[in-house]
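Fold and contact review
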Amino acid sequence: MRLQGKVCIITGAASGIGRAASLLFAKEGAVVCACDVSQQALDKLVEEAKDLPGSIDPYVLDVTNREQVFKTVDEIANKYGKIDVLVNNAGITRDALLVKMSEQDWNAVINVNLTGVFNMTQAVAPHMMKTQKGSIINTSSVVGIYGNIGQTNYAATKGGVIAMTKTWAKELARKGAQIRVNAVAPGFIRTPMTEKVPEKVIEAVLSRTPLARMGEPEEVAYVYLFLASDESSYITGQVIGVDGGLTF
Ligand code: NAD
């Protein structure tokens, strides 16, 4: 098994890509500390994973709540003695054209997608520095590289995630530490986040996508798995597109 014994924190673990990753990581032997805002969705995830070789340890956690983030991360580190992997997967959208975007929607997306990633990584990094190793996986988006109409807030956070990834890849690898930081940039993936996207927008994106279909959450989860495992031990500071060829 590719993650046997590894302690992995996944945020936004109860839906879409995070759910697929939690199940895949547990299938590969990981202890998955599954963090999400929804207790009910976490309960469902635990039930789904009950026969897998690894385990799901659920935590109701809002990544924007710094106090709760630091408390939960310390609790996990004390319980398991280490943290091997952090997947910063939680994310939201609040789309509107620039001239119509409310300050509230700007702040909501910045808080979850950018400050949430900062909070989680700041809480986890000292534990990885103690063991001098670890893998941090940040979820960006093709939108963070190329922009998208109606997604000023989202694009700003996903571009910011790439900048933080590259900064942390340099900063956390000092003094010989084998702490790796990479980002995954999904294209159009079939999850609850995209289920209300109008058909004509989907068609427009797919017409520019060589593989001409939406991606499945598992297809992103497998890239998280590779980056979480020791198979990617010489990869850091990278942004890996999982987008059916949309951006090459
Ligand atoms: P999703 O809506 O299915 O799942 C997101 C999860 O994050 C939910 O379980 C939600 O409860 C959780 N969450 C939201 N706010 C949170 C908070 N404050 N604290 C903790 N958890 C919180 O979305 P998804 O499509 O699976 O997205 C996962 C990640 O992938 C996001 O970062 C998203 O931006 C990114 N992404 C998705 C796509 C896509 O097409 N679906 C494309 C590119 C990037």
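Residues numbered from 1 in each chain as written. Predicted model: local features only at pLDDT ≥ 70, side-chain atom pairs only at ≥ 80, totals over all residues.

Where an unreviewed UniProt entry is consulted, the protein appears under the name 3-oxoacyl-[acyl-carrier-protein] reductase, with the organism given as Pseudothermotoga hypogea DSM 11164 = NBRC 106472. Under the heading Sequence similarities (unreviewed entry), UniProt records this for the protein: "Belongs to the short-chain dehydrogenases/reductases (SDR) family." Quoted verbatim from the Catalytic activity (unreviewed entry) field of UniProt, the annotation for the protein is "a (3R)-hydroxyacyl-[ACP] + NADP(+) = a 3-oxoacyl-[ACP] + NADPH + H(+)". (UniProt positions renumbered as here; feature names shortened; annotations may be inferred.)

1. Some remarks on unusual backbone geometry
What is expected of a backbone is that most residues other than glycine have negative phi and most peptide bonds are trans. Although it is not a glycine, Lys-175 adopts a positive phi angle of roughly 55°. Mapped onto the fold, Lys-175 is located in the loop between α6 (152-171) and β6 (178-186). Backbone geometry at Ala-212 places phi at a positive 50°, although glycine is not the residue there. Summarising the element assignment, Ala-212 is placed in the loop between α7 (199-207) and α8 (217-228). For Ala-212, a count of 10 C-beta atoms within 10 Å corresponds to the exposed category. (Helix = DSSP H or I, 4+ residues; strand = E, 2+ residues; numbered from the N terminus. Buried ≥ 20, exposed ≤ 12 C-beta atoms within 10 Å, placed from the backbone.)

2. Some details on the nonpolar core
Cys-8, Ile-9, Phe-25, Val-32, Ala-34 and Tyr-224 are the most contacted members of the largest nonpolar core, which has 69 residues in total. By residue number, the principal contributor to this core is helix α4 (residues 103-131), which donates nine residues. Leave out the neighbours within four places in its chain, and Phe-25 touches Leu-3, Cys-8, Ala-30, Val-32, Gly-54, Leu-225 and Ala-228. (Core = buried A, V, L, I, M, F, W, Y, C linked by C-beta atoms within 7 Å. Contact = placed C-beta atoms within 7 Å.)

3. Remarks on the UniProt feature "active site" (unreviewed entry) in the protein
Feature annotation in UniProt assigns "active site" (unreviewed entry) to the following positions: Tyr-154. With respect to the helices and strands, the residue Tyr-154 is situated in helix α6. Looking at Tyr-154, the number of C-beta atoms within 10 Å reads 23, which means it is buried.

4. Remarks on the sheet that holds strand β1 (residues 7-11)
Strand order in this open sheet of seven strands is β3-β2-β1-β4-β5-β6-β7, and the pairing throughout is parallel. In the strand order of this sheet, the two ends are held by β3 (55-60) and β7 (239-242), each with one partner. Along the sheet, successive strands turn relative to each other by an average axial angle of 20°, direction set aside. Across the face of the sheet, α6 comes into contact with β5 (133-139), β6 and β7 while running at roughly 165° to β6. (Pairing = 2+ DSSP bridges. Axes fitted to C-alpha atoms, helices over the stretch in contact; angles between N-to-C directions.)

5. Thoughts on the UniProt feature "binding site: NADP(+)" (unreviewed entry) in the protein
When the UniProt feature table is mapped to this numbering, "binding site: NADP(+)" (unreviewed entry) covers Asn-89, Tyr-154, Ala-155, Ala-156, Thr-157, Lys-158 and Ile-189. Not counting chain neighbours up to four residues away, the residues in contact with Asn-89 comprise Ile-10, Thr-11, Gly-12, Ile-17, Gly-18, Ala-21 and Thr-139. Among the structural elements, Ala-155 can be located in helix α6. Overall, Ala-155 belongs to the buried group, with 20 C-beta atoms counted inside 10 Å. Excluding residues that lie within four positions of it along the chain, Ala-155 makes contacts with Val-143, Gly-144, Gly-147 and Asn-148.

6. Observations concerning the environment of Val-223
Along the chain, Val-223 falls in helix α8. We classify Val-223 as buried; it has 20 C-beta atoms within 10 Å. Expressed as a C-alpha distance, the spacing of Val-223 and Ile-137, which sit 86 residues apart in the sequence, is 9.8 Å. Residues within four places of Val-223 in sequence aside, it is in contact with Val-184, Ile-240 and Val-242.

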